[in-house]
Amino acid sequence: MHVTLLGTAAGGGFPQWNCWCPTCRVAREDPERAGPRSQSSIAFSADGVRWFLGNASPDVREQIAQLPHAEVTGVRHVPVEGIVLTDAELDHTLGVTLLREGRRLQIVATPAVIHTIAEDSRVLPVTEAFATVKVVEVDLGNAVSLDYRDGSASGLTIEMKAVRGDPPRFARREEVGHTVAAFIRDTRTGKECAFVPGCGGLGPKLLARLDQAELLLFDGTFWTDDELARLDISDRLALSMGHVPISGAEGSLAALSQLKCRHKVYTHINNTNPMLIEGSEERAAVEAAGMIVGMDGMRFEI
Ligand code: MLT
Ligand code: MN
Ligand code: ZN
């Protein structure tokens, strides 16, 4: 299976358009020291030419232009076979509407996420005004086959596990499965990618499940719980926003450093996170623990 990190920043991207925090300043003034990043999304494929998206960001147009594809003979070619959603946040779903020219799209998500994009954000009905959307509802804990748009099996399966988190601000109800870890498995090799761009806490059960993955892509939003408060950006704590901080005894780095996964990568990194700066103490701590700070364009083959 091929996995490409299309975008590794949290909502707003890096630097964020309206932000002049210390890290955003470095990204503008000295991009060599803090590489700009687009908003959180991945692409994955069994054959390297037919791709599924893991979330669809507002930067989807530029992101999918980077993907390899088979030779195009007709006048139209849709390089995306399906979009797997791990939550209904705007940074993960607005890209669906931007693919409306595709005419035939496929969305794969839990019933909770589908309800939110159907009724609250209305991303689904808006897109359906332009395109036929096949909606595949995936119940928690069941591995289901990911099929291409022509109905044939891709050889990949997807399984969703609910994780701690905060439903989107615009969601009118809190339903189990509003935020999930997605486990993408290649049935030919048995290798798995765990895609978890938003996660509010790591319990022993989730950690044991993540440990089975060859490639782990995990929530790298905030370095500390009070990161936004310290910068006077917001009073909200990372945990109350559904993002477990990286640092500290209860942080994700201490827990994930124990896992045997071959590649462990942080993604969905907020623009305020000091590990974005090359050579920073925080970057060194992540790397010393055997983890990688994700960057747009990184590719993994598992
Ligand atoms: C999140 O990751 O918590 C959300 O994307 C926040 C937001 O965009 O409002
Ligand atoms: Mn987000
Ligand atoms: Zn910033």
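Data block above holds the structure.
The following paragraphs examine the structure supplied in this document. By convention here, each chain's residues receive numbers from 1 onward along its written sequence. As they are written, the chains are lettered A onward and the ligands numbered 1 onward, keeping that order. This being a predicted model, a pLDDT of at least 70 is required before a residue's local features are given, and a value of 80 or more before pairs of side-chain atoms are given or counted; all residues contribute to the totals for chains, interfaces and linings. To obtain the side-chain values, all non-hydrogen atoms of the structure were used and water was disregarded.

**Re the overall build of the protein**
Within the protein one finds nine helices and 14 strands. All radius of gyration figures rest on C-alpha atoms, and the globule criterion is 2.2 Å times the number of residues raised to 0.38. For a compact globule of 302 residues, the expected C-alpha radius of gyration is about 19 Å, and the protein comes in at 18 Å, within 12% of that figure. Once the C-alpha set of the protein is aligned to its principal axes, its extents read approximately 50 × 40 × 40 Å. For every residue, the accessible area (1.4 Å probe, protein chains only) is compared with the maximum for its type, and the residue is labelled buried under 20%, exposed over 50%, or partly exposed between those bounds. Counting across all 302 residues of the protein, residues that qualify as buried make up 55%. We call two residues in contact whenever any of their non-hydrogen atoms come within 4.5 Å of each other. Considering only contacts within the protein whose residues lie at least 6 apart along the sequence, 66% involve residues at least 24 apart. By the criteria applied, helices consist of DSSP H or I runs no shorter than four residues and strands consist of E runs no shorter than two, each listed in order from the N terminus.

**What to know about the nonpolar core**
In this text, buried Ala, Val, Leu, Ile, Met, Phe, Trp, Tyr and Cys residues form a nonpolar core when linked through side-chain atoms within 4.5 Å. Of all hydrophobic cores here, the largest spans 37 residues; its most connected members are Leu210, Leu216, Phe218, Leu256 and Tyr266. Filtering out sequence-adjacent residues up to four positions away, Leu210 remains in contact with Phe183, Ala194, Val196, Leu202, Leu216, Phe218, Leu256, Leu259 and Cys261.

**Examining the pairing of strand β8 (residues 153-162)**
In this scheme, strands are said to pair when DSSP sees at least two bridges between them. Judged from the four bridges that link them, strand β7 (residues 144-147) and β8 form a sheet pairing that is antiparallel. If you follow Leu146 over to β8, its bridge partner there is Leu156. In textbook terms, the turn of a hairpin is the stretch between consecutive antiparallel strands, and for β7 and β8 this stretch comprises five residues, one of which, Gly151, has a positive phi near 95°. Pairing of β8 with strand β9 (residues 180-186) involves seven bridges; the strand directions are antiparallel. Directly across from Ala162, in β9, lies its bridge partner Val180.

**Some points on the sheet that holds strand β3 (residues 51-54)**
Read across the sheet, seven strands follow the order β6-β5-β4-β3-β2-β1-β14 without closing on themselves; strand pairing throughout is mixed. Whereas interior strands pair on both sides, the edge strands pair on one side only; in this sheet they are β6 (132-137) and β14 (299-301). Each strand of the sheet is rotated relative to its neighbour by a mean of 25°, with strand direction disregarded. Here helix α4 (residues 111-120) sits on the sheet in contact with β5 (104-109) and β6, set at roughly 130° to β5. Simply put, an axis is a line fit to the C-alpha atoms, just over the touching stretch for a helix, and the angle between two N-to-C directions goes from 0 to 180 degrees.

**Section: the coordination of the zinc ion (ligand 3)**
Sodium, potassium and calcium take a 3.2 Å donor cutoff, other metals 2.8 Å, and in both cases only N, O and S atoms count; water is not among them, so sites may look incomplete. The protein atoms that coordinate the zinc ion (ligand 3) are Cys19 (SG), Cys21 (SG), Cys24 (SG) and Asn271 (OD1), at distances spanning 2.1 to 2.3 Å. Each label reflects the angles at the metal, where four donors whose angles all fall between 85 and 135 degrees are tetrahedral, four or six donors whose opposite pairs open beyond 155 degrees and whose other angles stay between 65 and 115 are square planar or octahedral respectively, and the rest are irregular. In this structure, the zinc ion (ligand 3) is coordinated by four donor atoms arranged in tetrahedral fashion, with angles at the metal of 102 to 117°. We note that the donor set of the zinc ion (ligand 3) lies within a single chain, spaced as C-x1-C-x2-C-x246-N. Of the two residues, Cys24 is situated in helix α1 (residues 22-29) and Asn271 in the loop between β12 (263-267) and α9 (281-288); the sequence distance between them amounts to 247 residues. Note on accessibility: Cys24 and Asn271 belong to one class, buried.

**A short note on the coordination of the manganese ion (ligand 2)**
On the protein side, the manganese ion (ligand 2) has Asp91 (OD) and His268 (NE2) as donor atoms, found 2.2 Å from it. Of this pair, Asp91 sits in helix α3 (residues 90-98) while His268 sits in the loop between β12 and α9, placing them 177 residues apart in sequence. Taken individually, Asp91 and His268 each receive the classification buried, so the pair is uniform in this respect.

**A look at the site of ligand 1**
We call a residue near a given molecule or strand whenever any one of its heavy atoms falls within 4 Å of it. Every residue close to ligand 1 is listed here: Glu89, Asp91, Met241, His243 and His268. Burial of ligand 1 by the protein chains amounts to 67% of its free accessible area of 270 Å². In this classification, the charged set is Asp, Glu, Lys and Arg, the nonpolar set is Ala, Val, Leu, Ile, Met, Phe, Trp, Tyr, Cys and Pro, and all remaining amino acids, among them Gly, are polar. Across the shell around ligand 1, the residue classes break down as one nonpolar, two polar and two charged. With residues, only the protein chains shown are counted as cover, and all accessible areas are computed by Shrake-Rupley using a 1.4 Å probe.

**A closer look at α4**
In terms of burial, α4 is largely enclosed, as seven of its 10 residues are buried. If you check which residues of α4 are buried, you get Pro111, Ala112, Val113, Ile114, Thr116, Ile117 and Asp120. Close packing links the buried residues of α4 with α3, β5, α5 (123-128) and β6. Remark: Arg122 follows α4 within two positions and exhibits a positive phi of approximately 60°.

**Things to note about the pattern of salt bridges**
Within this document, salt bridges are pairs made up of a side-chain nitrogen of Lys or Arg and a carboxyl oxygen of Asp or Glu, the two lying within 4 Å of each other. In total, this model carries 16 salt bridges according to the counting rule given. Residues Arg188 and Asp186 are paired through a salt bridge, measuring 3.5 Å at the closest nitrogen-oxygen approach. Residue classification places Asp186 among the buried residues on the basis of a relative accessible area of 2%. The shortest N-O distance in the salt bridge between Asp226 and Arg230 comes to 3.0 Å. Taking relative accessible area as the criterion, Asp226 reaches 28% and is therefore assigned partly exposed. Judged by relative accessible area, which is 61%, Arg230 ranks as exposed.

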